[in-house]
Amino acid sequence: MPSGSATQFRYTQTPSKVLHLRNMPWECTEEELVELCKPFGRVVNTMCNVGANRNQAFVEFADQNQAISMVSYYASSSEPAQVRGKTVYIQYSNRQEITNNKGTGDSSGNVLLVTFEGVQPNEVTIEVIHLVFSAYGFVHKIATFEKAAGFQALIQYTDAPTALEAKNSLDGRSIPKYLLPEHISACHMRITFSAHKDLNIKFQSHRSRDYTNPYLPVNQTAIEGIVQPTLGPDGKIKEPESNVLLASIENMQYAVTVDVLHTVFSAFGTVQKIAMFEKNGGMQALIQYPDITTAAVAKQALEGHCIYDGGYCA
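Source: prediction; values computed, not measured. (Residues numbered from 1 in each chain as written. Predicted model: local features only at pLDDT ≥ 70, side-chain atom pairs only at ≥ 80, totals over all residues. Heavy atoms only, no water.)

> Looking at this model, I keep getting lost on the overall build of the protein. Mind explaining?
On a plain count of helices and strands, the protein comes out with seven helices and 14 strands. In the protein, buried positions account for 41% of the 314 residues. Counting only contacts in the protein whose residues sit at least 6 apart along the sequence, the fraction spanning at least 24 positions is 67%. Total accessible area on the protein stands at roughly 16,900 Å², and carbon and sulfur atoms take up 51% of it. (Helix = DSSP H or I, 4+ residues; strand = E, 2+ residues; numbered from the N terminus. Buried < 20%, exposed > 50% of the residue type's maximum accessible area, 1.4 Å probe, protein only. Contact = heavy atoms within 4.5 Å. Areas by Shrake-Rupley, 256 points an atom, 1.4 Å probe, with all protein chains shown as cover.)

> Just checking my understanding: could you explain helix 4 (residues 160-170) for this structure?
Residues three or four positions apart in an α-helix share a direction because the helix packs 3.6 residues into each turn. Burial analysis of helix 4 places nine of its 11 residues in the buried class, which makes it a mostly covered element. Glycine 172 sits one or two positions beyond helix 4 and adopts a positive phi of about 85°.

> Sorry, what's going on with the nonpolar core here?
If you look at the biggest cluster of nonpolar residues, it comprises 38 residues, and the most contacted ones within it are Leu112, Phe116, Val124, Ile129, Phe133, Ile175 and Met189. Listed by contribution, the elements that provide at least two residues to this core are strand 2 (43-50), strand 7 (111-117), helix 3 (126-133), strand 8 (139-147), strand 9 (150-157), helix 4 and strand 10 (188-193). Counting residues per element, this core draws most heavily on helix 3, which supplies six residues. Excluding anything up to four places from it in sequence, leucine 112 contacts Phe133, Ala153, Leu154, Ile155, Tyr157, Ala163, Ala166, Lys167, Ile191, Thr192, Phe193 and Ser194. (Core = buried A, V, L, I, M, F, W, Y, C linked by side-chain atoms within 4.5 Å.)

> I'm lost on the environment of aspartate 210 in this one. Help?
Along the polypeptide, aspartate 210 turns up in strand 11 (residues 208-210). Residue classification places aspartate 210 among the buried residues on the basis of a relative accessible area of 8%. Residues aspartate 210 and leucine 199, 11 residues apart in the sequence, show an inter-C-alpha distance of 8.8 Å. If near-sequence neighbours (up to four positions away) are discounted, aspartate 210 is found in contact with His140, Lys141, Ile201, Gln204 and Leu216. At 3.4 Å, the side chain of aspartate 210 forms a polar contact with the backbone nitrogen of asparagine 213. (Polar contact = N/O pair within 3.5 Å; in protein donor to acceptor, adjacent residues only side chain to side chain.)

> Just checking my understanding: could you explain the sheet that holds strand 7 for this structure?
Hydrogen bonding along the main chain pairs the strands of a sheet, whether they run parallel or antiparallel. On the basis of which strands lie adjacent, the open sheet formed by five strands has the order 10-7-9-8-11 and antiparallel pairing. Both edges of this open sheet fall to strand 10 and strand 11, since each of them pairs with a single strand only. In this sheet, neighbouring strand axes are inclined to one another by 20° on average, regardless of whether the strands run parallel or antiparallel. In terms of strand pairing, strand 7 meets strand 10 through six bridges, oriented antiparallel. Bridging across to strand 10, phenylalanine 116 finds its partner in methionine 189. Strand contacts of helix 4: strand 7, strand 9 and strand 10, with the helix running at about 145° to strand 10, the strand carrying the most contacts. (Pairing = 2+ DSSP bridges. Axes fitted to C-alpha atoms, helices over the stretch in contact; angles between N-to-C directions.)

Below, the structure is given as structure tokens:
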């Protein structure tokens, strides 16, 4: 059973009697799930066909040691866990039990309420929030605000299964440090379901976005924030400097990979990390340098230029 494919497992997670299984076959049945797990102990509850692609599941054992036994077995075995010939990836769940009832406070829905711990409101941008949560499905709308609990955000997905997948994957986790200001050591996320179904976003700003309506009015004051913008020598607004660049790649007639970007941006200094993602129908990338100076040199040299001859991938 699983081999040395340690990348399947999150060893840093706290053990739980509930396991999260990914890459399950389409429309996997409860019987198939129980059949996979029963050699390790008594299964008391299951949740199948979870997530945007309905290819995830949860299984709850009667005892935590039984769940640990299953994770440990497949982490050290030479054969992966399989259902219908598909390799199944197993990890501990953030939840301690499966609740199928729709009780208050944790009722499944398509809108998540996220509390960001350890940061001030202006230290986590709406662009960072969108990047983190877009990894699990199309984000329709985001609204951020401040409450007694701290800095919070409402994040609207297409449907409840997509929101559930994001919640199960991100609840209790931290935003990647390279997306945060240097002085922030960690930003933990606490996630519950909101009673909202459709957020009412009246305009695009640094506090609220509607990614489904490109014609929504823009509140320019809100986009720039309440802080007076810094002006450069030419009288234009000067962008805040950072060691992380956001690159938008246009006119993509040829493939652009992480390796291609690494080659291009490494010409100006050591590239620490690269993350590529799609946004608004286009390709974008985050490129992290060790310091602001190197990033500024790369930005000045590359902005508006093309990766390939002929004006492709500008």
